[in-house]
Amino acid sequence: VQLQASGGGLVQPGGSLRLSCATSGSISGISVMGWYRQAPGTQRELVATITNGGVTNYADSVKGRFTISRDNAKKTVDLQMNSLKPADTAVYYCYAAKSRLFGGSNYWGQGTQVTVSS
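From a predicted model like this one, the values you see are computed outputs, not experimental measurements.

Draft legend 1. Focus on the packing of aromatic side chains. On inspection of all chains with the given rule, the structure shows three aromatic pairs. Here Tyr 36 and Trp 108 contribute two aromatic rings whose centre-to-centre distance is 5.1 Å and whose plane-to-plane angle is 75 degrees, an arrangement assigned as edge-to-face. Of the two residues, Tyr 36 is situated in strand S4 (residues 30–38) and Trp 108 in strand S10 (residues 106–108); the sequence distance between them amounts to 72 residues. Classification of Tyr 36 as buried rests on a relative accessible area of 19%. Take Trp 108: its relative accessible area is 37%, and that puts it in the partly exposed class. Taken together, a centroid distance of 4.9 Å and an interplanar angle of 50 degrees make the contact between Tyr 95 and Trp 108 tilted. Here Tyr 95 is found in strand S9 (residues 90–98), whereas its partner Trp 108 is found in strand S10, with 13 residues between them in sequence. An aromatic cluster of three or more residues is present, and its members are Tyr 36, Tyr 95 and Trp 108. Here Arg 44 stacks its cationic end above the ring of Tyr 93, 3.7 Å away from the centre of that ring.

Draft legend 2. Local environment of the pairing of strand S5 (residues 45–51). Relative to S5, S4 runs antiparallel, the two being bridged by six bridges. Opposite Gly 34, over in S5, you have Thr 49 as the bridge partner. What sits between the antiparallel neighbours S4 and S5 is a turn of six residues, in which Gly 41 has the positive phi angle 80 degrees. Across three bridges, the pairing between S5 and strand S6 (residues 56–58) is antiparallel. Within S6, the residue paired with Thr 49 across the bridge is Asn 57. Remark: four residues form the turn of the hairpin made by S5 and S6, two consecutive strands paired antiparallel; Gly 54 in that turn has positive phi of roughly 90 degrees.

Draft legend 3. Representation of the state of the cysteines in the model. Taken as a whole and assessed by the stated rule, the structure comprises one disulfide. Put simply, Cys 21 and Cys 94 are joined by a disulfide, and their sulfur atoms are 1.9 Å apart. Where Cys 21 bonds to Cys 94 through sulfur, the torsion about that S-S bond is close to -90 degrees, and the disulfide is left-handed. Note that Cys 21 is positioned in strand S3 (residues 17–24) and Cys 94 in strand S9, a separation of 73 residues in sequence. Taken individually, Cys 21 and Cys 94 each receive the classification buried, so the pair is uniform in this respect.

Draft legend 4. Geometry of the sheet that holds strand S1 (residues 2–6). Taken in spatial order, the four strands of this open sheet run S1-S3-S8-S7, and their pairing is antiparallel. Both outer strands of the open sheet, S1 and strand S7 (66–71), are each paired with one neighbouring strand and no more. With strand direction ignored, the average angle separating the axes of adjacent strands in the sheet is 15 degrees. The sheet contact formed by S7 and strand S8 (residues 76–81) spans six bridges and is antiparallel. Bridge pairing in S8 links Asp 71 to Thr 76.

Basis of the calculations
Residues numbered from 1 in each chain as written. Predicted model: local features only at pLDDT ≥ 70, side-chain atom pairs only at ≥ 80, totals over all residues. Heavy atoms only, no water. Phe/Tyr/Trp six-rings, centres within 6.5 Å; stacked < 30°, edge-to-face > 60°. Helix = DSSP H or I, 4+ residues; strand = E, 2+ residues; numbered from the N terminus. Buried < 20%, exposed > 50% of the residue type's maximum accessible area, 1.4 Å probe, protein only. Lys NZ or Arg CZ within 6 Å of the ring centre and 35° of its normal. Pairing = 2+ DSSP bridges. Disulfide = S-S within 2.5 Å. Axes fitted to C-alpha atoms, helices over the stretch in contact; angles between N-to-C directions.

Here's what the structure looks like:
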């Protein structure tokens with residue numbers, strides 16, 4: 001499975017960005033997709049995930065500001081980020097996990113930089 005993330009960039013506080021992640025390869029059995037982020041000197045942390053049934057999970061720090069969505073037909077997952085804060089600055093990684101029936105492996109994209117600064 002290959003994950004290709006796009007959409008990062010520089011934005012002012014209060015602005016918006018939309019991240020997109022496209023999948024390719026052996027994508028059968030992918031159950032959960034989502035986004036994690038990692039700021040310098042910190043551990044990678046969950047931002048949001050979505051199951052193939054549409055159940056979402058968000059970090060408390062982004063609830064009400066970020067929205068994750070998934071297109072099962074196109075095999076893509078997007079993250080709409082609104083009201084961005086400097087604390088959201090990080091490298092954002094696309095994530096996918098296969099169900100146990102298909103091996104249960106985790107996959108990561110290459111990361112896309114999001115910088116929130118005036």
